[in-house]
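What follows is the residue order along each chain.
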Amino acid sequence: MFCPNCGAQIEDGAPLCPHCGTPILAANAQSAAPGDPKKAKDKPSLLLLILSALLPAVGLILFFVFEKRSPYRAKSCFRGALIGVALILLLLVIFLIRLFH
Ligand SMILES: [Zn+2]
């Protein structure tokens, strides 16, 4: 590998560049990090699913908000919204059946 500061070739895993003293591990961690923490945070969320089930409109909005940044969260919101809509329809059907019998 090469030093990000001075470009000198250095041993893999060396903590410092022997030529200029730049800390290599920290530089590597910083350059490798940006993708990972976001992915670690993006998990299916039961809380979002329940919230979306209770408020399907909010769930759909959250789905569009999370869609690009957090696909798993977006899926939770979308499923929750579907469950919420299904429950509302179910209650509506039960209500209508009772109304007409
Ligand atoms: Zn260097």
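Residues numbered from 1 in each chain as written. Predicted model: local features only at pLDDT ≥ 70, side-chain atom pairs only at ≥ 80, totals over all residues.

Novice: An account of the overall build of the protein is needed here, citing residue identities and associated values.
Specialist: When you go through the protein residue by residue, the secondary structure sums to 5 helices and 0 strands. Reading the protein from its N end, one meets helices and strands in the order α-α-α-α-α. Within the protein, the proportion of its 101 residues that are buried is 20%. (Helix = DSSP H or I, 4+ residues; strand = E, 2+ residues; numbered from the N terminus. Buried ≥ 20, exposed ≤ 12 C-beta atoms within 10 Å, placed from the backbone.)

Novice: If you had to explain helix 5 (residues 71–100) to someone new, which residues and values would you point to?
Specialist: Under the 1.5 Å per step criterion, the end-to-end length of helix 5 is 43 Å for 30 residues, consistent within 8% with the ideal 44 Å. The complete set of buried residues in helix 5 reads Arg73, Ala74, Ser76, Cys77, Phe78, Gly80, Ala81 and Gly84. (Expected span 1.5 Å × (residues − 1).)

Novice: Can you tell me about helix 3 (residues 46–54), naming the residues and giving the values?
Specialist: Burial in helix 3 covers these residues: Leu48, Leu49, Ser52 and Ala53. One side of helix 3 carries all its buried residues, which in axial view fall inside an arc of 135°. Facing away from the buried side of helix 3 by more than 90 degrees, the exposed set consists of Leu46 and Leu47. Against helix 4 (56–66) and helix 5 lie the buried residues of helix 3. (Arc of directions from axis to C-beta. Contact = placed C-beta atoms within 7 Å.)

Novice: Run through the nonpolar core, naming residues and quoting values.
Specialist: In terms of nonpolar packing, the biggest core is built from 10 residues, these being Leu48, Leu49, Ala53, Leu62, Phe63, Phe66, Ala74, Cys77, Phe78 and Ala81. Mapped by element, the contributors of at least two residues to this core are helix 3, helix 4 and helix 5. The biggest single contributor to this core is helix 5, with 4 residues. Leucine 48 has contacts with Leu62, Arg73, Ser76, Cys77 and Gly80, leaving out every residue within four places of it along the chain. (Core = buried A, V, L, I, M, F, W, Y, C linked by C-beta atoms within 7 Å.)

Novice: Account for the packing of helix 4 against helix 5, with residues named and values stated.
Specialist: At their nearest, the axes of helix 4 and helix 5 sit 8 Å apart, and the two run at 160° to each other. In terms of orientation, helix 4 lies roughly antiparallel with respect to helix 5. Of the two elements, helix 4 crosses helix 5, and the hand of that crossing is left-handed. Seen from helix 4, the contacting residues are Pro56, Gly59, Leu60, Leu62, Phe63 and Phe66; seen from helix 5, they are Arg73, Ala74, Cys77, Phe78, Gly80, Ala81, Gly84 and Val85. (Axes fitted to C-alpha atoms, helices over the stretch in contact; angles between N-to-C directions. Parallel < 35°, antiparallel > 145°, perpendicular 65-115°, else oblique. Left-handed = near helix turned anticlockwise from the far one by under 90°.)

Novice: So what's going on with the packing of helix 3 against helix 5? Which residues, and what values?
Specialist: Between two packed helices, what matters for the description is the angle formed by their axes and the separation of those axes. Between helix 3 and helix 5, the shortest axis-to-axis distance is 6 Å and the interhelical angle comes to 35°. The two elements helix 3 and helix 5 cross, and the hand of that crossing is right-handed. In this structure, helix 3 contributes Leu48, Leu49, Ile50, Leu51, Ser52, Ala53 and Leu54 to the contact, and helix 5 contributes Arg73, Ser76, Cys77, Arg79, Gly80, Ala81, Ile83, Gly84 and Leu87. Among the residues making up the contact of helix 3 with helix 5, the classes are represented as 10 nonpolar, 4 polar and 2 charged. (Nonpolar A, V, L, I, M, F, W, Y, C, P; charged D, E, K, R; others polar.)

Geometric values such as these leave the question of function open.
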